[in-house]
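Below are the chains, spelled out letter by letter.
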Amino acid sequence: MAESRIRDLLLEVGTEEIPARLLDELLEQLAAQAAVHLAAARLDHGSLRVMGTPRRLVLLVEGLAARQRDAVTEVKGPPVGVAFDRDGNPTAAARGFARNQGVRIDELEVRAGYLYVVRREPGRPAVQVLTEVLPATVTALEFARPMRWGVGETRFIRPIRWVLALLDDELVRFELVGVWSDRYTRGHRFLAPGPHEVESAQQYPAVMRRACVIVDPAERRRMVRRRVEAAARREQGRVVWVPGLLDEVNNLVEHPTAVVGGYDPDYLDLPREVLVTVMRHHQRCFPVEDAAGKLLPRFVAVRCGGRRGLDTVARGNAWVLRARLADARFFYQEDCREPLDALLERLQSMSFGEGLGTVRDRVHRIVALTAHLARELGMDERERKVALRAAELCKADLATRMVYEYPELAGVMGCEYARRSGEDPAVARAIYEHCLPRTAEDDPPASRPGAAVGLADRVDALVAFFRAGLEASGSQDPFGQRRLAHGVVRLLAGPLGGIRLDGLLSRAIELHAEATDRQVADRLTDFLLVRFRSLLADEGLRPDVVEAVLAAGHDPLSRALARARALERFRSTPAFADLLATNIRVVGLAGRARPDRSPDPGSLSEPAELDLYRAFTALRDRARSLLADGRYEECWSVLAGLRPAVDAFFDGVLVMAPDPTVRDNRLALLAEIAALINAAADLGRLSGEGQPGKEPPSVQRNRR
Amino acid sequence: MTFQEIIARLHRFWADRGCAVVQPYDVELGAGTMSPATFLRVLGPEPWKVAYVQPCRRPADGRFGENPNRVYQHHQYQVILKPSPDDIQDLYLESLTALGLDLREHDVRFVEDNWEAPTLGAWGLGWEVWLDGMEITQFTYFQQVGGYDCRPVAVELAYGLERVAAYLQEVENVFDLVWTPGLTYRDLFHRAEVEHTTYAMEAADPGVLTQLFELYETEASRALDRELVLPAYDCVLRCSHTFNLLDARGVMGVARRAALLARVQRLSRRTAQVYLQQRQALGYPLLRQYSL
């Protein structure tokens, strides 16, 4: 039967240009939604792929079942003994069940002693089911900013203009946002506009090749890279792969062709970052450098189209770039007319955000907070001077024309202009560094002044947003607060290790409010800890290790990080099992100890408890000092040595003795041991290895 | 192709596609969007197709006629189609062909660029259109105007005429553009650039401007009380321009700037509201004249 074979499904949703930055994520959503909807529709399938360009989202499913799986639903009824009387006639129970289920008694089935209604819904042909599944899949896609168009009410990322849906060579006919699916696609806008008929799903790649569209983003990306590289080579140079630009360019084209152009070498006097930014910002062009890493007066643009008119395209791009570079040079010259610190005045009339005060106010707070950090870090006089001067100047470049035009050059221009204004080179460097890390891939700054100013800047901004009730939540992240928080935890875990978060936040909030605001501090701490957890997860630390460590305290973050790394390592040593076994035995009862008691050696009488007390006191001070020195693994190894004494104690002593004095004394001893074992990490939170507050079986046996 | 020939061709092109070609609005505007032919007409259910040139004044962009790319006053070619037609991208590309461009020889791209004008309570989604790397048009599907959802959605095409002309004429400096043979952009506008920039940045009396802002604001409000939408809106536009002059003069602090903007925004929203009520009361006359 023809319908029993498997088939290939093709869906192409043709749209107006989808924003480049959203395409990859949209395709991921499409794959996920397709899998969910196909499964819900009981349509089995083989591989599922998504592809796309600015003008199309494509789904390819291979080996799709030609029919849905049959659906079998079973409803359990009364037991056979109740359903039939001695003569085998149905009772009221059986009749009632059948009636409620809307079936005749003779349609009921008996299974394992019970009555059942079994309904079999035969699977429908895939081509029919897909008329519901495909539109449901596409309309399930979610966008931060969807749009409406024409007279319709439907929202999508951009208007949908055609839909192509084929199951092998059969049209899957449905309506999507007022557009009926058909067997036509469109090609490259100018090279092969179409419409082009697609005879079958299998024919699609060949049709798209003829239509001059590279549908597969990975293939297109390789092509962009290869062509850009070759173009730069022809100019005796190599490409400067500006971060993120290749992906963006890839999602701006359906048919990439590299175009080379040049600009006046005089512009090479401008700082490299300025040239790179101008090329990237306006035209998504790749800069070209020589073997020594010096920029050449060349660029590579990626055109959407073939080689026809390439000279015209190159000329046009060069023309635009020239105008932009002329602007940039004008901004640079204007900016250089005044020393950087003369611009501070202008920050007075620059708002940080609605209701958030001026940038000048912020600079005052950043300076004060940097001073706090300088003290905490024990900076010497020279380092402190550098940090404070950098703090004072760190936002001055916001008042420059260059940064007004290219906000991504903040920090970069500050450094450049500071140097030109005759500031200490260390100050200039710290201004540059205070913006680091800009992304998760960036390293944090190398110098402490740069790191301190960067921390002060980010913490102050976050406090401002949180106090104004503008904190990020869900998909809303105005002002990039998650990125700021990421920077804060990176700095606290790295170059500024040892700084305590609570003291830092109190000081930062005081600077805003002249009083502490516990609520803001708590919310902000939680927000930062979310970032800290993801930082630890990115390091490959397991979630239960992270939770165990954070349960024992997060401050300072650098120590928490060290404890987590230590625990991850310690977990694979033999002593770990001993420590855990010891912990499991002591923590349960430790929780029953009276909080104000410490063990009194005079009230210990039984040999096993005296042995445990001696064993514990013999290593207690050493364990504590290892803990204080951050030598966590050694500390845990030492404590694991308690295991024989603890085992002997539980085997030989009845902890819950009838005499309350004796009992409380024993509990107090266990509590002290448990506290030390769990000081660096709450071991009970390690998954599958004992839970806090629950008495393990061995203890219960002992009590009996 | 001369500057005026570009305008003539665009007029012909959009007139042939059913647009009413209207004349520039006679009150100072910062963008073609602010003309009542856009701001008001995109509101409500009535269809609307219009094309016009709009001289746009942006005092803060004035450079005394010395900068090759920035001017106090530039020209936008504005097209509004409501509801947005399904083939609008193709229509737009055809208009470029009408300007003599063979698109297969060029690189035309639609690059995400969303638009927001808080003082108009307006935002939309769309692109900047690139021609060989140069932004020549803003292409926007209006989603909200005056704080009201646009139903149906209007599409706005705003061609930057100086950019288009500079590209077609292969000219580096806007003042070298040929308006019509024998007459350049410099001949026509250079003196105006010098005078207007000097006035906006140096000569304007901030005290008088502040008074004017308040007078126009009061007058707009008074006119709205009597449901005189168009006179009220003219006053709103004058408020907005006066604000722009104060801004260029560099005499406003952050707080004052934000406060004045909020006042313009309130007025423009109220204008939109009264306009919508009025059109409804009139039974949306244009619904009868066009068929959707």
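Our subject is the structure that appears above.
Visitor: For the overall build of chain B, give the residues involved together with the corresponding values.
Guide: A tally of helices and strands in chain B yields 9 helices and 11 strands. Compactness check: chain B gives a C-alpha radius of gyration of 19 Å against a globular reference of 19 Å for 292 residues, within 12% of the reference. Counting only C-alpha atoms, chain B reaches 55 × 50 × 30 Å along its principal axes. For chain B, the residues scored as buried account for 55% of the 292 residues in total. Of the contacts made within chain B by residues no fewer than 6 positions apart, 67% connect residues no fewer than 24 positions apart. Working note: accessible area of chain B is about 11700 Å², and carbon and sulfur atoms make up 49% of it.

Visitor: Run through the interface of chain B and chain A, naming residues and quoting values.
Guide: Facing the 46 residues of chain B at the interface are 47 residues of chain A. Of the roughly 4100 Å² buried between chain B and chain A on both sides combined, carbon and sulfur atoms contribute 48%. When the area that chain B buries against chain A is broken down by residue, the three leading residues are B:R104, B:E112 and B:V254, summing to 14%. Here chain B and chain A share 7 salt bridges between them. Across the pair B:D102 and A:R308 runs a salt bridge, and its minimum N-O distance is 3.3 Å. Here chain B and chain A share 25 residue pairs in polar contact (both at pLDDT 80 or more) between them.

Visitor: Residues and numbers for the environment of B:T218, please.
Guide: Its location among the elements puts B:T218 in helix α6 (residues 206-225). A relative accessible area of 47% places B:T218 in the partly exposed class.

Visitor: Tell me about helix α4 (residues 126-139) of chain A, and name the residues and values.
Guide: At 3.6 residues per turn, the α-helix brings residues three or four places apart onto the same side. All names here are of chain A. The end-to-end C-alpha separation of α4 is 19 Å, in line with the 20 Å expected for 14 residues at 1.5 Å each. Maximal helix bending in α4 amounts to about 30°, located at E132; proline P135 follows within four positions. Of the residues making up α4, those classed as buried are A126, V127, V129, L130, V133, L134, P135, T137 and V138.

Visitor: Just give me the short version of the packing of α6(B) against helix α8 (residues 254-281) of chain B, but keep the residues and values in it.
Guide: Residues and elements named next belong to chain B. With their axes 10 Å apart at the nearest point, α6 and α8 run at an angle of 20° to one another. Overall, the two elements α6 and α8 adopt an arrangement that is roughly parallel. The element α6 and its partner α8 pack so that their crossing is left-handed. Side by side, α6 and α8 meet where T210, F213, E214, E217, A220, S221, L224 and D225 of the first sit next to R256, L260, R263, V264, L267, R270, T271 and V274 of the second. Split by residue class, the contact of α6 with α8 holds 7 nonpolar, 3 polar and 6 charged.

Cut-offs applied
Within each chain, residue numbers correspond to sequence positions counted from 1 in written order. Here every chain gets a letter starting at A, and every ligand a number starting at 1, in the order they are written. The predicted nature of this model means local features are confined to residues of pLDDT at least 70 and side-chain atom pairs, given and counted, to a pLDDT of 80 or more, with totals for whole chains, interfaces and linings taken over all residues. Excluding hydrogens and water, the side-chain values take into account all heavy atoms of the structure. Put simply, DSSP marks the helices as runs of H or I at least four residues long and the strands as runs of E at least two long, and each gets a number from the N terminus on. Each radius of gyration is computed over the set of C-alpha atoms, and the globule rule expresses the reference value as 2.2 Å times the number of residues to the power 0.38. With a 1.4 Å probe rolled over the protein chains alone, any residue whose accessible area is under 20% of its type maximum counts as buried; one over 50% counts as exposed, and the rest are partly exposed. The contact criterion used throughout is that any non-hydrogen atoms of two residues lie within 4.5 Å. In this description, accessible areas are obtained by the Shrake-Rupley approach with a 1.4 Å probe, and a residue is regarded as covered only by the protein chains that are shown. Two parts placed together each lose some accessible area under a 1.4 Å probe, and adding up what both lose gives the buried area. Think of a salt bridge as a Lys or Arg side-chain nitrogen and an Asp or Glu carboxyl oxygen that are within 4 Å of each other. Here a polar contact is recorded for every N or O atom pair within 3.5 Å, except that within protein the pair must consist of a potential hydrogen donor and a potential acceptor, and residues adjacent in sequence are included only if both atoms are side-chain atoms. Each helix should span, by expectation, one fewer than its residue count multiplied by 1.5 Å. Throughout, bend refers to the angle between the axes fitted to the seven residues that end at a position and the seven residues that start at it. Axes here mean lines fitted to C-alpha atoms, for a helix over just the part in contact, with angles spanning 0 to 180 degrees between N-to-C directions. An angle below 35 degrees is treated as roughly parallel, one above 145 as roughly antiparallel, one from 65 to 115 as roughly perpendicular, and anything else as oblique. Should the near helix be turned anticlockwise from the far one by less than a right angle, the crossing is left-handed, and should it be turned clockwise, the crossing is right-handed. When residue character is reported, Ala, Val, Leu, Ile, Met, Phe, Trp, Tyr, Cys and Pro are called nonpolar, Asp, Glu, Lys and Arg charged, and the others, Gly included, polar.

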